[in-house]
Amino acid sequence: MNERWFTRAVWTTRPAARQVLAAMALAACVAGCGGAQEPSRDPLLADPPEGSDAAASKGASSTALDRGIAYIKNEKYEEAKQHLLQAIEHEPGSAEAHYYLGLANEKTNDRAGAEASYKKALASDPKLEAAALNLAALYLDEPARPDEAIAVLSKAIEQAPDRAALHQNLGYAYGLKGDVANASKHYEAALKAEDTAATRFAYGAMLFEAKALDRAAMELKKALAGTGDDVAALATIGRMLGPAKAYADCVAAFDRAIKLKPEAEFHVRRGTCRHELGDEAGARGDYQAAIKVDPRFAAAHYYLGLSFLAEHKPQSAIAALTEAGKHGGDTEIGKRARAKVKELSARLK
């Protein structure tokens, strides 16, 4: 399932523009930790662009608009709607009022109302990037409508060809369609405008999902280099670097994640990458460390069993795999562990 990693605009202070990177969320471990999880794509945040017609518009609706924005800042969205509707009644062509009404509608789960308001904002001010970002973000939500998002963002880029957020969203939209060439073009344009770890991550994730693993690894390594002490980001990057066969970088990512938060899953994933590097002793140490953190973590017992098997220690392997089967239950890893125990036991008879 595709998770979200695109840009959305919201208020912060009016009218100055700024962007804040949202944290990359930690993906849950799949049963057995055998493959990388898709990254979470939490939004970036931005204000209406400085100098836009929307940010400059004032008039009879100013007081109502200001009150509506104040209620939005206090997360009182229904109250905000009343004042924003008054502002629109006084000034029907206020792009800013329509934009904030769209935001209030979206916050109260009125997606149709939000879509209509963002469209009206753009009809009044085609340069209002925030409205384009939010309208496109609605189209990129479930159920995804990438073609409509592409149409909105392409028009917005005509007005602001060097805006990183618009290119990043276009990259994401084309990625949903499996159009790697166009997605790559817009991620590259976003990076040219503003090179950030988050954009490298999003680009790498798109390439990873498209099975372009060598290219994905290149971008994810750059994302890793620019990522600070964000455990979720480090772990998610590490989950993709392993299947992308960048095993040393996978180990480096989990080294940092484990230092911050020694979770059992992190040890297992680092162990599997160490195994691929030929460091079986280090891998086994990770599996054993994972069991100390969580004795019921089936994946740790399973990979420990395989490690013992690689070292030609079948009895130790059977013991570890039996534990994996017990704690794994009806999961895929539990079933594989029990099948392996059955196979090894037959061989030893």
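Everything here concerns the structure above.
First, a word on what this report is: a plain description of the structure on this page.

Cut-offs applied
- Residues numbered from 1 in each chain as written.
- Predicted model: local features only at pLDDT ≥ 70, side-chain atom pairs only at ≥ 80, totals over all residues.
- Heavy atoms only, no water.
- Helix = DSSP H or I, 4+ residues; strand = E, 2+ residues; numbered from the N terminus.
- Buried < 20%, exposed > 50% of the residue type's maximum accessible area, 1.4 Å probe, protein only.
- Contact = heavy atoms within 4.5 Å.
- Areas by Shrake-Rupley, 256 points an atom, 1.4 Å probe, with all protein chains shown as cover.
- Salt bridge = Lys/Arg side-chain N within 4 Å of Asp/Glu carboxyl O.
- Disulfide = S-S within 2.5 Å.
- Core = buried A, V, L, I, M, F, W, Y, C linked by side-chain atoms within 4.5 Å.
- Expected span 1.5 Å × (residues − 1).
- Arc of directions from axis to C-beta.
- Axes fitted to C-alpha atoms, helices over the stretch in contact; angles between N-to-C directions.
- Parallel < 35°, antiparallel > 145°, perpendicular 65-115°, else oblique.
- Left-handed = near helix turned anticlockwise from the far one by under 90°.
- Nonpolar A, V, L, I, M, F, W, Y, C, P; charged D, E, K, R; others polar.

1. Things to note about the overall build of the chain
Now for step 1: Summing up its helical and strand segments, the chain has 18 helices and 2 strands in all.
Now for step 2: By residue count, 52% of the 349 residues in the chain fall in the buried class.
Now for step 3: For the chain, the share of sequence-separated contacts (at least 6 apart) that also reach a separation of at least 24 residues comes to 57%.
Now for step 4: Counting every atom, the chain has about 15,500 Å² of accessible surface; 52% of that belongs to carbon and sulfur.

2. Structural notes on the pattern of salt bridges
Now for step 1: Scanning all chains against the criterion turns up 19 salt bridges.
Now for step 2: The shortest N-O distance in the salt bridge between Arg200 and Asp195 comes to 2.7 Å.
Now for step 3: In this structure, Arg270 and Asp286 form a salt bridge, with 2.9 Å as the shortest nitrogen-oxygen distance. In this pair, Arg270 is assigned in helix H14 (residues 264–276) and Asp286 in helix H15 (residues 280–293), connecting sequence segments 16 residues apart.
Now for step 4: Look at Asp286 and you get buried, because its relative accessible area is 1%.

3. Let's talk about the state of the cysteines
Now for step 1: Enumeration according to the criterion identifies 1 disulfide in this entry.
Now for step 2: The partner cysteine of Cys250 in its disulfide is Cys273, sulfur to sulfur 2.1 Å. Here the disulfide of Cys250 and Cys273 is right-handed, its torsion about the S-S bond being about 85 degrees. Of this pair, Cys250 sits in helix H13 (residues 247–260) while Cys273 sits in helix H14; the two residues are 23 residues apart in sequence, bridging distant segments of the chain. There is no split in this pair, since Cys250 and Cys273 are both buried.

4. Points about the nonpolar core
Now for step 1: Counting residues in hydrophobic clusters, the biggest one holds 76 residues, and the most contacted among them are Ile72, Leu84, Tyr99, Tyr100 and Leu241.
Now for step 2: With 9 residues, helix H6 (residues 129–140) is the largest single contributor of residues to this core.
Now for step 3: Setting aside chain neighbours within four positions, we find Leu241 in contact with Ala217, Leu220, Lys221, Leu224, Ala246, Tyr247, Asp249, Cys250 and Ala253.
Now for step 4: By size, the runner-up hydrophobic cluster in this structure holds 23 residues, among which are Ala283, Tyr302, Ile318 and Ala337.

5. Observations regarding helix H18 (residues 332–348)
Now for step 1: Between its terminal C-alpha atoms H18 stretches 25 Å, which fits the 24 Å expected from 17 residues at 1.5 Å a residue.
Now for step 2: Turning to H18, its buried residues number three or more, namely Ile333, Gly334, Ala337, Val341 and Leu344. What you see down the axis of H18 is that its buried residues fit within an arc of 100 degrees, all on one side. Pointing more than 90 degrees away from the buried face of H18 are the exposed residues Lys342 and Arg347.
Now for step 3: The inward-facing, buried residues of H18 abut helix H16 (298–310) and helix H17 (314–328).

6. Some thoughts on helix H11 (residues 213–225)
Now for step 1: Spanning 13 residues, H11 covers 18 Å between terminal C-alpha atoms, matching the ideal 18 Å at 1.5 Å per step.
Now for step 2: Within the sequence span of H11, burial applies to Ala216, Ala217, Glu219, Leu220, Ala223 and Leu224.

7. Some thoughts on the packing of helix H4 (residues 95–107) against H6
Now for step 1: With their axes 10 Å apart at the nearest point, H4 and H6 run at an angle of 30 degrees to one another. In terms of orientation, H4 lies roughly parallel with respect to H6. The handedness of the crossing between H4 and H6 is left-handed. Contact residues: H4 offers Tyr99, Leu103 and Glu106, while H6 offers Ala130, Ala131, Asn134 and Leu138.
Now for step 2: Class assignment for the residues of the contact of H4 with H6 results in 5 nonpolar, 1 polar and 1 charged.

8. Topic: the packing of helix H8 (residues 164–176) against helix H9 (residues 180–193)
Now for step 1: Closest axis-to-axis distance for the H8/H9 pair is 7 Å, and the angle between their directions is 160 degrees. The pairing of H8 with H9 is recorded here as roughly antiparallel in orientation. Seen along the crossing, H8 lies across H9 with a hand that is left-handed. Listed contacts from H9 to Ala164, His167, Gln168, Leu170, Gly171, Tyr172, Tyr174 and Gly175 of H8 are Asn182, Ala183, His186, Tyr187, Ala189, Ala190 and Ala193.

9. Some points on unusual backbone geometry
Now for step 1: Following Glu142, the chain continues to Pro143 via a peptide bond in cis, the omega torsion being -10 degrees.
Now for step 2: Tracing the backbone shows Pro143 in the loop between H6 and helix H7 (146–159).

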